[in-house]
Amino acid sequence: MINPDDLTQEVKLFKNGNSYAFRVSKKDREFLDVDDQTKFEKVVSPDGQSITFKKVKTTRPNILETANELFDEHADLMKRLEDL
């Protein structure tokens, strides 16, 4: 298990095409359990002194299937609610 205190370090901003980026080390990536498909939310502090990246929780890919199953399971209730 990686200790989060061991991940603290200074990093430099670098040019990446027309943008700038921070590098995420292999240890960081492993600790965060992320890959190149992981989405993040970027939050910039009001004073402009910090940027925080938070993993966006993934939704279940079968959410529509689950919703349909619930609808079918409770069809009588859904019909009554529809008629209100």
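Residues numbered from 1 in each chain as written. Predicted model: local features only at pLDDT ≥ 70, side-chain atom pairs only at ≥ 80, totals over all residues. Heavy atoms only, no water.

Asker: Just to check I follow, could you spell out the environment of Val43 for this structure?
Answerer: Take Val43: it is sitting in strand β3 (residues 40–44). By relative accessible area, Val43 is classed as partly exposed at 33%. For the pair Val43 and Asp5, spaced 38 residues apart in sequence, the C-alpha separation works out to 22 Å. When neighbours within four sequence positions are excluded, Val43 is seen to be in contact with Ser50, Ile51 and Thr52. (Helix = DSSP H or I, 4+ residues; strand = E, 2+ residues; numbered from the N terminus. Buried < 20%, exposed > 50% of the residue type's maximum accessible area, 1.4 Å probe, protein only. Contact = heavy atoms within 4.5 Å.)

Asker: What should I look at first to understand the layout of surface pockets in this one?
Answerer: It is the rolling of a water-molecule-sized probe over the atoms that shows where space remains empty. Taken as a whole, the largest pocket spans an internal volume of roughly 580 Å³. For the largest pocket, the lining is made up of 16 residues, of which Arg23, Val24, Asp28, Leu32 and Phe53 are closest to its centre. Contributions of two or more residues to the lining of the largest pocket are made by α1 (26–32) and β4 (51–55). Here the residues of the lining of the largest pocket are counted per class, giving eleven nonpolar, three polar and two charged. Counted as a void, the second largest pocket has a volume near 180 Å³. Considered class by class, the residues forming the lining of the second largest pocket number one nonpolar, three polar and three charged. (1 Å grid on protein atoms, 1.4 Å probe; cavity = no way out; pocket = protein on both sides within 12 Å on 5 of 7 lines; lining within 4 Å. Points joined across faces, edges and corners; volume = space filled by probe spheres on them. Nonpolar A, V, L, I, M, F, W, Y, C, P; charged D, E, K, R; others polar.)

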